[in-house]
Amino acid sequence: MLAVVKIAGQQFKVQAGQSLYVPHLQGKTGDKVEFSEILFVDNDGKISAGADVKATVKAEIVNELVKGDTVIAFKMKRRKGFRKKHGHRTHYTQIKIESIA
């Protein structure tokens, strides 16, 4: 069974048993989360999409805070002595999909 789920404004293709990183979610390690905004479901060739989808995806938070790679934003204007360097690390949550029902 395959589903396309909308989590925090982004779309993810998920299957039962899959582990993935999503934008940071509220909750502690071991908490159960449920996603009801399902866009597409493929159940052994039976496809439903849009308003026809009556499914939910249940997942467990494996790691509540994972930091992504460092992203550097560097700005410079030549011959002016102007330099700005900013950086950040995006926060993610690791979840494991338990079931699609």
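Along each chain, numbering runs from 1 in the same order as the chain's sequence is written. In keeping with the model being predicted, local features are shown solely for residues with a pLDDT of at least 70 and side-chain atom pairs are shown and tallied solely at 80 or more, while totals for entire chains, interfaces and linings include all residues. Neither water nor hydrogens contribute to the side-chain values; these are computed over all heavy atoms in the structure.

J.: Help me understand the pairing of strand 1 (residues 2–7), please; the structure alone is not making it clear to me.
T.: Sheet faces and side chains relate simply in a regular strand, where the side chains alternate between the two faces. The buried label goes to any residue with under 20% of its type's maximum accessible area, the exposed label to any with over 50%, and the partly exposed label to all in between, with areas taken from a 1.4 Å probe on protein chains only. A run of H or I in DSSP becomes a helix once it reaches four residues, and a run of E becomes a strand once it reaches two; helices and strands are each numbered from the N terminus. Counting buried positions over the six residues of strand 1 gives five, a clear majority of the element. In this sheet, strand 2 (residues 10–15) lies alongside strand 1 in antiparallel orientation, the contact comprising six bridges. Bridge pairing in strand 2 places alanine 3 opposite valine 14. The turn joining strand 1 and strand 2, which pair antiparallel and follow one another in sequence, is formed by two residues; a positive phi near 55 degrees is taken by alanine 8. Strands qualify as paired when DSSP identifies two bridges or more between them. For strand 1 and strand 5 (residues 38–43), the ladder comprises four bridges, and the chain directions are antiparallel. If you follow leucine 2 over to strand 5, its bridge partner there is aspartate 42.

J.: Would you mind going over the sheet that holds strand 1 with me for this structure?
T.: One key point about sheets: their strands pair by backbone hydrogen bonds, in either a parallel or an antiparallel sense. Read from one edge to the other, the open sheet built from four strands follows the order 2-1-5-6, with strand pairing classed as antiparallel. The outermost strands of the open sheet, each flanked by one partner alone, are strand 2 and strand 6 (46–49). Pairs of neighbouring strands in the sheet enclose a mean axial angle of 15 degrees, with direction left out of account. Axis definition: a line fitted to C-alpha atoms, limited for helices to the stretch in contact. Angles are taken between N-to-C directions and run from 0 to 180 degrees.

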